Amino acid sequence: MGFLWQEIHKSTKAIMQPKIGIKSSANLGVSANGAEAFTIKFFIRYLKEFNYQVDIVGAEFLPKELIPDNHYSYFRINHLPRILRSLLHIPISILSVFIYCFRHKPDLLFITGGVFYNGLAIYLCGKLFGIKVVVRTAEDHFNFYKYTSTLTAKIHHFFVNRFISSFILRNANYVLTTGIKSKQFFIENGSNPSGTYGIPGYIEKEKFKKSQNNFRKENSIPEDKILVLYVGAISGVKGANFLKDIIYEV
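Starting from 1, residues in each chain are numbered consecutively following that chain's sequence as written. Restriction of local features to residues with pLDDT of at least 70 applies here, the model being predicted, together with a cutoff of 80 or more for giving and counting side-chain atom pairs; totals for whole chains, interfaces and linings are based on all residues. Working from all heavy atoms in the structure, the side-chain values ignore hydrogens and water.

Caption draft 1: Expanded view of the packing of aromatic side chains. Aromatic pairs are defined between Phe, Tyr and Trp rings, using the six-membered ring for Trp, whenever the two ring centres lie within 6.5 Å; interplanar angles under 30 degrees are classed as stacked, those over 60 as edge-to-face, and all others as tilted. In this structure the tally under the stated criterion is 16 aromatic pairs. Counting every residue linked through ring pairs, the aromatic cluster contains Phe38, Phe42, Phe43, Tyr46, Phe50, Phe110 and Tyr202. A ring is scored as having a charge over it whenever the NZ atom of a lysine or the CZ atom of an arginine sits within 6 Å of its centre and within 35 degrees of its normal. The positively charged end of Arg76 is found above the aromatic ring belonging to Phe61, 5.8 Å away from the centroid.

Below, the structure written as structure tokens:
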């Protein structure tokens, strides 16, 4: 994974300590165990090892684990009715990144979620300020509309979210996804082959404290049987709907 950041470092204008702005969703929740917050926490800890300064941009609510880190929020819209938030979150995302870039002059812009609004924001501001961008995603933006529950949502995702997301993924300087297969999928759908990387997500193994031996005894599982643990939603948009077949085959 260090190879990607070394490549990015060479392509930025920074001389001493490069600065990365991570555009986040407005609500990262109260726990860093949420997917986006956990990913941001990991990248901040990892990037600091490479002597990067990392700023979180646009988060109105942060888990306590991320509060000590640099964070900038210029607008408060999370208290507004849902329909207003849905109308405002794209322009607010763009304005937030614009203000951050104007004031803090980052060397790189980065997102971990929301390609059609956060990705659009860093892409436009990256073009305006001459900053390279990294889009990190774990979702199938090309087929998201298939997994929505209403006709209105399908139409919106197909004609708006899908169009914007696919444009960003095809034009970002770097696309960072979750593994070899997802990397291959995004390249097949038009992302830059030389700028697309597949890196598995981080697992905090120390949080899985229960002894395997005790678990096997309690559940009468022989020592020669493999244990497979999956924690998460069976989400089609993330490919998790294939897990029951994959685990069976494995």
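Caption draft 2: Spotlight on the confidence of the model for the protein. For every residue, the predictor reports its confidence as pLDDT, a number between 0 and 100. Chain-level statistics for the protein give a pLDDT mean of 88 and a share of 91% at 70 or above. The helix count covers DSSP runs of H or I at least four residues long, the strand count covers runs of E at least two residues long, and both are numbered beginning at the N terminus. When pLDDT is averaged over each helix and strand of the protein, the minimum, 65, is found for helix H1 (residues 2-11) and the maximum, 97, for helix H4 (residues 115-129).

Caption draft 3: Representation of the nonpolar core in the model. Take the buried Ala, Val, Leu, Ile, Met, Phe, Trp, Tyr and Cys residues and link them wherever side-chain atoms come within 4.5 Å; each set so joined is a nonpolar core. The cut-offs for exposure are 20% and 50% of the maximum accessible area for each residue type, with area from a 1.4 Å probe on protein chains only; residues under the lower value are buried, those over the upper are exposed, and the others partly exposed. If you look at the biggest cluster of nonpolar residues, it comprises 25 residues, and the most contacted ones within it are Val97, Cys101, Leu109, Ile122, Val135, Ile168 and Leu169. Looking at this core, the element that brings in the most residues is H4, giving eight residues. The contact criterion used throughout is that any non-hydrogen atoms of two residues lie within 4.5 Å. Apart from the residues lying within four places of it in its own chain, the contact partners of Leu109 are Gly21, Val97, Tyr100, Cys101, Ile122, Cys125, Gly126, Ile131, Lys132, Val133 and Val134. Formed by 23 residues, the second largest nonpolar core is a distinct cluster that contains Val54, Ile56, Leu66 and Ile199.

Caption draft 4: Inspection of the pattern of salt bridges at higher detail. Here, a salt bridge means any Lys or Arg side-chain nitrogen found within 4 Å of an Asp or Glu carboxyl oxygen. In the structure shown here, the tally under the stated rule is four salt bridges. Between Lys41 and Glu204 there is a salt bridge, and its shortest N-O distance comes to 3.0 Å. In this pair, Lys41 sits in helix H2 (residues 35-48) while Glu204 sits in the loop between strand S7 (196-198) and helix H7 (212-218), placing the two residues 163 residues apart along the sequence. By relative accessible area, which is 12% here, Glu204 ends up buried. Among the salt bridges present, the one from Asp69 reaches Arg45, with a minimum N-O distance of 3.3 Å.

Caption draft 5: Inspection of H4 at higher detail. Across the 15 residues of H4, 11 count as buried, placing the element largely inside the fold. Those residues of H4 that fall on the buried side of the exposure criterion are Val115, Phe116, Tyr117, Asn118, Gly119, Leu120, Ala121, Ile122, Tyr123, Cys125 and Gly126. Where the residues of H4 are buried, they touch strand S1 (19-23), helix H3 (82-104), strand S4 (108-111), strand S5 (132-136) and helix H5 (151-171). Following H4 by one or two positions, Gly130 has its phi on the positive side, about 70°.

Caption draft 6: Up close: the pairing of S5. For S5, the tally of buried residues reaches four of five residues, placing the bulk of the element in the interior. Here the rule is simple: two strands pair whenever DSSP picks up at least two bridges between them. Relative to S5, S4 runs parallel, the two being bridged by four bridges. From the neighbouring strand, Leu108 faces S5, where its bridge partner is Lys132. Here a crossover is taken to be right-handed if, once the strands point away from the viewer, the path from the first strand over the helix to the second is traced clockwise. Following the chain from S4 across H4 to the adjacent parallel S5, one finds a crossover that is right-handed. Sheet analysis places S5 next to strand S6 (residues 174-177), joined by three bridges and oriented parallel. If you follow Val134 over to S6, its bridge partner there is Tyr174.

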